[in-house]
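# Structural description and commentary
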Amino acid sequence: MPRTALPQRPPFTLRARLLTPLGAGGYRYESDARVDVDDGGRIAAVTAWSTAADAIDLRPWLILPGMVDLHLHLPQLPNAGLGAGLDLLTWLERYIFPLERDFDRSAAERLAPAAFQAMAAAGTTTALMYGAVFEPSLDAAFEAAEAHGIRAVIGKVMMDRLRYDPSLPEASVLETSLRQSADLIDRWHGRDNGRLRYAVTPRFAVSCSADMLRESAALARETGAYWQTHLAEDREEIAEVHRLFPDALDYTDVYDRAGGLGERTVLAHAIHLSDREITRLADTSTRIAHCPSSNLFLASGAMPLGRYLDAGLVIGLGSDVSAGPDLSLFAVMRAGAYTQSGLRTMLDDHYSPLAPPDWLRLGSLEGARALGLAHAIGSVEVGKEADLIVVDPALTAPLPHLDAAEPEEIASRLIFRSHPNMVRAAWVRGRRLDGPPNA
Ligand code: GUN
Ligand code: ZN
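Let us look at the structure shown here. Residue numbering note: each chain is counted from 1, following its sequence as written. Numbering of ligands from 1 and lettering of chains from A proceed in the order in which they are written. Residue-level local features of this predicted model are given only where pLDDT is at least 70; pairs of side-chain atoms are given and counted only at 80 or more, and the full residue set underlies all totals for whole chains, interfaces and linings. Here the side-chain values reflect all heavy atoms present in the structure, with hydrogen atoms and water set aside.

## What to know about the overall build of the protein
Per the secondary structure count, the protein includes 15 helices and 16 strands. Computation of the radius of gyration draws on C-alpha atoms, with the globule rule given as 2.2 Å multiplied by the number of residues to the power 0.38. The C-alpha radius of gyration computed for the protein amounts to 21 Å, which stays within 12% of the reference 22 Å derived for 439 residues, consistent with globular compactness. Projected onto the principal axes, the alpha-carbon positions of the protein cover approximately 65 × 50 × 35 Å. Burial here depends on accessible area, computed with a 1.4 Å probe over protein chains only, as a share of the maximum for the residue type. Under 20% is buried, over 50% is exposed, and the range in between is partly exposed. A burial count over the protein gives 60% of its 439 residues as buried. Whether two residues touch is decided by their heavy atoms; if any such pair falls within 4.5 Å, the residues are in contact. Looking at the protein alone, contacts between residues at least 24 apart form 76% of all its contacts between residues at least 6 apart. All tallies of charge rest on Lys and Arg as positive and Asp and Glu as negative; His and the ends of each chain are not included. In this description, the location of a charge corresponds to atom NZ of lysine, CZ of arginine, CG of aspartate or CD of glutamate. One finds the centroid of the 43 positive side-chain charges in the protein at a distance of 4 Å from the centroid of its 57 negative side-chain charges. Only DSSP runs of H or I with at least four residues qualify as helices, and only runs of E with at least two residues qualify as strands; both kinds are numbered from the N terminus onward.

## A closer look at the pattern of salt bridges
Here a salt bridge means any side-chain nitrogen of Lys or Arg lying within 4 Å of a carboxyl oxygen belonging to Asp or Glu. Enumeration according to the criterion identifies 27 salt bridges in this entry. The partner of E100 in a salt bridge is R203, with the nearest N and O atoms 2.9 Å apart. One end of the pair, E100, is in helix 1 (residues 88-101); the other, R203, is in the loop between strand 9 (196-202) and helix 6 (210-223), with 103 residues separating them in the sequence. On the accessibility criterion, E100 (0% relative accessible area) is buried. Across the pair D192 and R195 runs a salt bridge, and its minimum N-O distance is 2.7 Å.

## Quick look at the side chain of T125
Within the secondary structure, T125 sits in strand 6 (residues 124-130). Owing to a relative accessible area of 0%, T125 belongs among the buried residues under this scheme. Apart from the residues within four sequence positions on either side, T125 is in contact with G66, M67, I150, R151, D387, L388, I389, A426, W427, V428 and L433.

## Re the pairing of strand 13 (residues 314-317)
The alternating pattern of strand 13 places V314 and G316 and I315 and L317 on opposite faces, both of which are buried. Two strands pair when backbone bridges link them, and strand 12 (residues 287-290) and strand 13 are joined in this way by four bridges, in the parallel orientation. Paired with A289 across the bridge in strand 13 is G316. Here the rule is simple: two strands pair whenever DSSP picks up at least two bridges between them.

## Quick word on the site of ligand 1
We call a residue near a given molecule or strand whenever any one of its heavy atoms falls within 4 Å of it. Every residue lining ligand 1 is accounted for by H73, Q76, L88, W91, L92, R203, F204, H230, E233, H269, D320 and A323. Interatomic distance of 2.9 Å between a side-chain N/O atom of Q76 and an oxygen atom of ligand 1. Taking R203, its side chain carries an N or O atom lying 2.7 Å from an oxygen atom of ligand 1. Note that accessible areas follow from Shrake-Rupley with a 1.4 Å probe, and for residues the cover is restricted to the protein chains shown. Compared with its free state, where it exposes 280 Å², ligand 1 has 100% of that area covered by protein. Element by element, the count of residues in the shell around ligand 1 is highest for helix 1, at three residues. Any pair of nitrogen or oxygen atoms within 3.5 Å is treated as a polar contact; in protein, a donor-acceptor pairing is required on top of that, and neighbouring residues in sequence qualify only through side-chain atoms on both sides.

## Describing helix 13 (residues 356-363)
Of all eight residues in helix 13, seven are buried; the element is thus mostly enclosed. For helix 13, every residue scored as buried is listed here: P356, P357, W359, L360, R361, L362 and G363.

## Description of helix 4 (residues 173-188)
Helical periodicity: at 3.6 residues per turn, an α-helix aligns residues three or four positions apart in one direction. Here helix 4 contains 16 residues, and its C-alpha end-to-end distance of 22 Å stays within 8% of the 22 Å for a straight helix at 1.5 Å per residue. Within the sequence span of helix 4, burial applies to V173, L174, T176, S177, L178, Q180, S181, L184, I185 and W188. Where helix 4 is buried, its residues meet helix 3 (135-148), strand 8 (157-158), helix 5 (191-194), strand 9 and helix 6. Backbone geometry just after helix 4 places G190 at a positive phi near 95°. Multiplying 1.5 Å by the helix residue count minus one yields the expected span of that helix.

## Re the coordination of the zinc ion (ligand 2)
Here a donor is an N, O or S atom found within 2.8 Å of the metal, or within 3.2 Å if the metal is Na, K or Ca; sites may look incomplete because water is not among the atoms. Distances from the zinc ion (ligand 2) to its protein donors, H71 (NE2), H73 (NE2), H230 (NE2) and D320 (OD), fall at 2.0 to 2.4 Å. The motif formed by the donor residues of the zinc ion (ligand 2), counted along the single chain, is H-x1-H-x156-H-x89-D. You can see H71 sitting in strand 5 (residues 67-73) and its partner D320 sitting in the loop between strand 13 and helix 12 (329-346), a full 249 residues away along the chain. The buried category is assigned to H71, whose relative accessible area is 2%. The buried category is assigned to D320, whose relative accessible area is 2%.

Remember, this is a structural readout, not a statement about activity or role.
What follows is the structure in structure tokens.
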């Protein structure tokens, strides 16, 4: 498929295979589908193939919904793959804080455009991200996302306790950080009809005072922005939170007391939770970003996913770059599936034997649901915005001409034999994103 033949802008009609989760449950597979995208960038029709003038024939490629990455750290991408097996707090001090300390506006201008292209090349069309602490670097990241076309939710990191810029006077950190976050919300939250949004981003309880957690949650509530932070990733982190917040019932209660739980909140990791915490997160409809490749990389732990799904938690997937080594959500699904297999073989308890199409659903529609966007994106269904990718499943075959034919098998190959070049194009609202390599 030559580059010029792929549509750049809506309207267009695609002919290809199709695999998508469905809002009503289950999934839909068509071996020969027609997908019409109207001039507003919405999906106008999804049918078995019927003749259409000017259809772009992508067969034997496969259309999927664009993937939703619920958790990653934009400034950390250059570090991806470094520091495996270190414990979280050592890894942060050794690898991450020095990198983020240098993430000023010009570093963001250099990195962000290439990072968004790399995300699109991995099949990600929506990403919820941490930036670093410096306000101008956030403007640069948003400007790059605006120009690239990716759907992006980004937040300035807030820290007034364990932090990497101790040169700032202690007393003004909270006030400055809140004012800068509020100014960024004014400039960016809801931009381009909601394609760009803001997430108020206290780093985690180890880095934030109770005041910062409470004030940041209030800011998110008042403005309708998201609130994102980390929860219960690592045993030593949890012990430190107990030491810092001796009155709290547990780690989840630290965020609960701050007014941080709810359906606009996305908590990354959440792998070491008591029954009380699981129930409280489910009762408050708090969203979880499951980051299994990161949890294996830093030896943090294994999420008892079966328990969480039984409790009704809303869970999407996060690459957590750079604790997660790979931007691809297909690689994250693979790590997640292997983690559940590990739980099954070692503990025979609390694992979730998700089938490959279920993992695809977590990486797309469930991520959209976590962001409150399931009405708009996450599946290829009529009326949704055309956030789509096409993949070449032949690249996942062990030998040439051994392409899988059944939808479960196709999904299995995409996850367990994913290929770095398999994503051939990505669109947000029918607008093509730079990044995926073309044949
Ligand atoms: N907890 C606090 N900060 C971080 C971070 O940058 N990465 C991960 N994985 N966990 C964190
Ligand atoms: Zn993280």
